[in-house]
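So the chains spell out like this:
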Amino acid sequence: MRPIEVSGLIKRYGRTEALRGLTFSVREGEIYGLLGPNGAGKTTTLKILVGLLTPDAGVARICGHDVVRDRVRALEAVGYVPENPVCFQNLTVREFLEFVGALRRLGEDDVHEAIDRYLSLFGLSEKRDELLGNLSRGMIQKVLVSAAFMVRPRVLVMDEPMAGMDPEAQHAFKEEVRRMTSQGVTALISSHLLDMVERFCTRVGIINEGVLVAEGTVEEVKSRAESGEEATLEEVFLRIVGE
Amino acid sequence: MDARKSLTVAKYLFKNYVLNPFVKRFKTAVLAFLIVCVAAGILAAVAFSLSPSQPEAEANQTGEEPGLGWSIREALLQAGIDKGDAISALGAMFALSLLLMLTVGTAAIRVMEEAEYELLLAQPMELSTYFLGREIAELAQMSLMSLPYFGFLPIAYELSGGNMTKALLFPVTMFTAVAFLSALSTLVNVVRILAEERERLLRLGAAAYYSVGAAHSLLTWQISPLLSLPFKPLAEALVHCVTITEGVREVLIGWGLSVSILLAIEAVTIRLADLVPPEFVRPISELAREARSKGGRKEISLYSPDPGASLFRFAFSLEVLSPVHLRNLAIALAASGVAGLAMLRVGPRFGLELGAASVAVSLVTPLVVAEMAIFLVGSIMARDLAAMWVLRVYALDLVPLASGLLLKYTVYLSEAFLVLGVFESLIVREPLALLQPLVVLPITVFVVLLLLVSTSYLASKRRIVRRMPTGLYMFEDIALLVVALIVVPAYMLATFLFKEVLLPRLTPQTTALVVAASLGLSWLLHEASKKALAGAIRVFDLAS
């Protein structure tokens with residue numbers, strides 16, 4: 001059993017087929033980068049994995065639990081960062097994190113400890129009583145990442161998690177993900193920042209038009225694309241997607 | 001279902017939508033408002049208990065003036081409306097709202113903020129847990145919003161013949177009615193979602209049932225029980241609060257029955273909730289965008305060598321000249337015409353006085369237009385101000401934009417007057433009533449300026465402009481109610497002056513003179529307003 005298993009996923013929006021039998025899995029402790037051009041189906045895949053969308057066919061499992069049939073058990077293992085920095089405009093940073101903590105049945109002391117830890121990590125300690133609606137995009141992103149980290153996830157599902165973050169926060173984010181994955185947490189990251197993915201992810205999958213077109217370590221993907229070791233992930237990506 | 005998590009959801013949704021934006025932000029104002037409400041309530045109760053209401057005959061014997069309640073009662077009876085009619089009409093109105101819920105709009109569970117879908121539903125809980133929390137939060141929110149219903153206490157007291165218990169039950173019953181309709185709307189949406197491809201059959205079934213009800217009404221010249229019966233307990237509870245013959249017991253029976261049905265609706269909704277796919281929980285902003293993308297637009301090129309002309313086309317022509325808008329206007333005018341003709345033919349058979357109906361239209365028109373004005377604020381934020389930064393960066397002169405916006409909303413409000421005017425001109429057989437939108441045009445221009453300036457101000461106070469048709473938080477709603485307090489009396493006065501003073505004296509010459517003067521004044525106001533609005537947008541530094 002792998003922490004993330006996706007098998008034969010099909011998802012249609014009207015006549016458009018966003019996913020056409022997508023299959024892949026992520027091993028424990030991996031940082032898996034999901035790449036693809038706009039409209040390839042990355043966000044749809046991630047939303048299915050966190051129970052926000054129901055697939056028309058196929059199965060998505062988190063830690064062995066089907067996200068549709070065993071929704072609660074599956075989502076108990078997940079920390080999720082959505083694509084857009086959406087937030088409850090009129091909750092303060094602290095209230096929002098307490099809300100998430102309460103829904104995860106974390107103890108009060110644990111919640112406050114986690115809030116202190118992550119707000120300090122991302123330089124948001126001063127903003128704890130600020131309304132989320134008053135924060136900038138980057139700050140909201142940091143709060144959403146803090147929420148995903150604080151729920152003690154076994155699986156992190158993150159859609160463009162570093163969008164809008166300052167370099168200091170990006171560094172802190174990467175360090176924390178590395179620390180967590182070293183302890184067995186699995187991370188699935190969708191991103192367009194190919195440089196970051198190349199240096200940060202342990203394995204990548206490239207999807208195009210709803211199917212997986214390449215998968216492996218960055219080196220493996222490069223060799224399969226016959227791009228040579230000198231080629232960057234960006235060049236490999238453009239070659240694969242352009243085929 | 002996890003009731004504890006539901007309570008957590010309810011607590012934080014209530015915080016997000018009510019406590020933090022309204023109560024916490026305006027602590028002193030809210031406290032003062034509550035104190036004033038309580039004080040006014042106590043004073044009213046004391047005053048009423050000292051001077052009980054009395055029937056007209058009794059009043060005549062004692063030589064006193066009959067109370068307001070008796071005057072209203074007399075007016076209703078003169079219009080041929082007794083309590084039975086009121087119950088049937090109210091029941092039919094509720095039934096009509098159910099028909100609309102079943103047939104209009106996209107089947108979805110509407111949420112205010114995207115986070116309610118993207119963040120909340122990604123948490124480990126069943127949909128039933130979320131639904132229970134959401135319903136509790138909505139009930140709490142509605143109960144707070146129902147406080148102004150206590151303002152009806154004096155009139156309910158008068159109408160009920162001085163029965164304070166019944167008068168106190170009136171706001172409670174009003175709250176129950178609002179909660180009932182809200183819960184019903186959620187259940188209907190759940191059923192529509194679960195019906196999937198069979199939703200069309202559901203709509204057809206509903207349309208068939210209501211058609212039979214309407215046909216039965218026409219055949220019997222009475223509102224059919226098919227239409228009024230399903231909501232009779234609720235209608236009875238409301239009407240019996242303001243009647244004399246029925247006691248507190250009758251009100252409590254109707255109210256208790258309504259509450260029981262309400263709880264049953266909630267229970268069924270929560271029971272079915274786990275079958276609802278999460279993607280049907282949809283932010284209003286997303287639905288608004290979807291509705292807009294469905295509404296095809298006429299191919300209007302925004303390009304012009306004159307930047308001002310481009311801006312004007314963007315603000316005015318793109319929407320006002322769109323086929324969807326023109327089609328909707330034609331449908332509304334036709335529907336109003338058909339309704340007017342039907343009222344002319346059928347109304348008297350139902351015992352309705354056309355004169356009374358005309359008075360009712362006169363009273364309702366300003367309210368409808370004012371309500372529409374408030375609704376338009378959402379549209380202004382969603383359509384016109386959402387990407388204001390683009391215009392602030394690229395447009396050197398905002399006056400053409402201001403001019404287009406002023407003209408667009410003036411046209412919209414005038415169209416509302418025209419639609420209602422068609423109905424009225426038919427039932428009073430007075431074509432000149434159609435001139436009202438033109439005669440009140442200067443007031444409309446002023447109201448639109450007021451709306452646009454206040455909306456720009458509200459929008460400038462938000463970092464992220466709300467992009468939803470009704471996407472306003474409570475404090476903004478209340479700020480706009482203040483605007484409505486100016487708009488409603490202004491239109492009421494204008495309507496009164498037009499109908500009572502001007503209309504009886506209109507000759508072809510005076511008509512031409514009045515219309516010309518109104519148009520001239522409106523143009524002058526528009527010219528002054530567009531500069532004022534453009535200036536206000538800059539002063540408020542409205543950017544996104």
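As a reminder, the structure under discussion sits directly above these lines.
Residues numbered from 1 in each chain as written. Chains lettered and ligands numbered in written order. Predicted model: local features only at pLDDT ≥ 70, side-chain atom pairs only at ≥ 80, totals over all residues. Heavy atoms only, no water.

On to the packing of aromatic side chains, then. All names here are of chain A. Counted under the stated rule, the structure contains 14 aromatic pairs over all chains. Relative to Phe96, the ring of Phe88 lies with its centre 6.4 Å away and its plane at 45°, an arrangement referred to as tilted. The burial state of Phe88 is the same as that of Phe96; both residues are buried. Cation over ring: Arg117 sits above Tyr118, and NZ or CZ is 4.8 Å from the ring centre. (Phe/Tyr/Trp six-rings, centres within 6.5 Å; stacked < 30°, edge-to-face > 60°. Buried < 20%, exposed > 50% of the residue type's maximum accessible area, 1.4 Å probe, protein only. Lys NZ or Arg CZ within 6 Å of the ring centre and 35° of its normal.)

Moving on to the sheet that holds strand β6 (residues 78-81) of chain A. All names here are of chain A. Taken together, 6 strands build an open sheet; the order of strands is β6-β7-β8-β3-β9-β10 and the sheet is mixed. Looking along the sheet, the strands with just one partner apiece sit at the ends: β6 and β10 (211-216). For this sheet the average axis-to-axis angle between neighbouring strands, irrespective of direction, equals 15°. One ladder, built from 5 bridges, connects strand β7 (residues 155-159) with strand β8 (residues 186-190); its direction is parallel. Bridge pairing in β8 links Val157 to Leu188. Where helix α5 (residues 137-150) meets the sheet, its contacts fall on β6 and β7, and the angle it forms with β6 comes to roughly 170°. (Pairing = 2+ DSSP bridges. Helix = DSSP H or I, 4+ residues; strand = E, 2+ residues; numbered from the N terminus. Axes fitted to C-alpha atoms, helices over the stretch in contact; angles between N-to-C directions. Contact = heavy atoms within 4.5 Å.)

For the rest of this paragraph, the subject is empty space enclosed by the protein. Going through the model one piece at a time under the given rule, you end up with 3 cavities of 30 Å³ or more. Empty space within the largest cavity amounts to approximately 80 Å³. Every residue along the wall of the largest cavity is listed here: A:Gly79, A:Tyr80, A:Phe96, A:Val100, A:Arg104, A:Leu144, A:Ala147, A:Ala148, A:Val151, B:Leu119, B:Ala122 and B:Gln123. Counting residues per element, the ones that place at least two in the lining of the largest cavity are β6, α3 (93-103) and α5 of chain A. Ranked by residues supplied to the lining of the largest cavity, first place goes to α5(A) with 3 residues. The calculated volume of the second largest cavity comes to roughly 40 Å³. Around the second largest cavity, the lining residues are A:Phe88, A:Phe96, A:Phe99, A:Val100, A:Leu103, B:Leu119, B:Leu120 and B:Gln123. (1 Å grid on protein atoms, 1.4 Å probe; cavity = no way out; pocket = protein on both sides within 12 Å on 5 of 7 lines; lining within 4 Å. Points joined across faces, edges and corners; volume = space filled by probe spheres on them.)

Let us look at the packing of helix α19 (residues 399-427) of chain B against helix α23 (residues 508-539) of chain B. All names here are of chain B. Running from N to C, α19 and α23 point in directions that differ by 120°, and their axes come no closer than 8 Å. The angle between the axes of α19 and α23 places the two elements in the oblique class. Handedness of the crossing formed by α19 with α23: right-handed. Contacts from Val399, Leu401, Ala402, Ser403, Leu406 and Leu407 of α19 reach α23 at His526, Ser529, Lys530, Lys531, Leu533, Ala534 and Ile537. (Parallel < 35°, antiparallel > 145°, perpendicular 65-115°, else oblique. Left-handed = near helix turned anticlockwise from the far one by under 90°.)

Counting residues in each nonpolar core, the largest one holds 117 residues, and the members touching the most others are A:Ile62, A:Phe96, A:Phe149, A:Phe173 and B:Tyr130. Per-element accounting of this core gives the leading share, 8 residues, to α5(A). Discounting chain neighbours no more than four positions away, the residues touching A:Phe149 are A:Tyr118, A:Phe122, A:Leu156, A:Met158, A:Phe173, A:Glu176, A:Val177 and A:Met180. Among the nonpolar cores identified, the runner-up in size contains 39 residues, and B:Ile380, B:Tyr409, B:Leu449 and B:Ala494 belong to it. (Core = buried A, V, L, I, M, F, W, Y, C linked by side-chain atoms within 4.5 Å.)

This brings us to unusual backbone geometry. Residue and element names in this part refer to chain A. The phi dihedral of Cys63 falls on the positive side, at around 50°, and the residue is not glycine. Positionally, Cys63 belongs in the loop between β4 (57-62) and β5 (65-66). Of note in this structure, Glu209 is not a glycine but carries a positive phi near 50°. Assessed through its relative accessible area of 53%, Glu209 is described here as exposed.

Attention now goes to the interface of chain A and chain B. Between chain A and chain B, the contact holds 35 residues from the first and 34 residues from the second. Overall, the association of chain A and chain B removes approximately 3,200 Å² of surface from exposure, summing both partners, and the carbon and sulfur fraction of that is 57%. Along the contact surface separating chain A from chain B lie 4 salt bridges. Note that A:Arg105 is salt-bridged to B:Asp2, the shortest N-O span being 2.6 Å. (Buried area = accessible area lost by both parts, 1.4 Å probe. Salt bridge = Lys/Arg side-chain N within 4 Å of Asp/Glu carboxyl O.)

Residue and element names in this part refer to chain A. Among the structural elements, Arg12 can be located in strand β1 (residues 4-13). Residue class for Arg12 comes out partly exposed when judged on its relative accessible area of 43%. On a C-alpha basis, the gap between Arg12 and Thr44 in space is 9.9 Å, while along the polypeptide they are 32 residues apart. Setting aside residues no more than four positions away along its own chain, Arg12 makes contact with Glu17, Ala18 and Asp56.

This brings us to the pairing of β1(A). The side chains of a regular strand alternate between both faces of the sheet. All names here are of chain A. One ladder, built from 8 bridges, connects β1 with strand β2 (residues 16-26); its direction is antiparallel. Looking across to β2, one finds that Arg12 is bridged to Glu17. Counting the residues that bridge the hairpin from β1 to β2 gives 2 residues, and of these Gly14 lies at a positive phi of roughly 65°. Sheet analysis places β1 next to β4, joined by 5 bridges and oriented antiparallel. By the bridge assignment for β4, Val6 is matched with Ala60.

Turning our attention to the pattern of salt bridges. Inspection of every chain in the model, using the stated rule, returns 23 salt bridges over all chains. The salt bridge involving B:Glu138 is made with B:Arg134; its shortest N-O contact spans 3.8 Å. One end of the pair is B:Glu138 and the other is B:Arg134, both in helix α7 (residues 127-145) and 4 residues apart, which spans about a single turn. Given a relative accessible area of 24%, B:Glu138 falls into the partly exposed group. Salt bridges sharing common partners tie together A:Arg27, A:Glu30, A:Arg203 and A:Glu215.

Everything listed is a geometric property; what it means functionally is a separate question.
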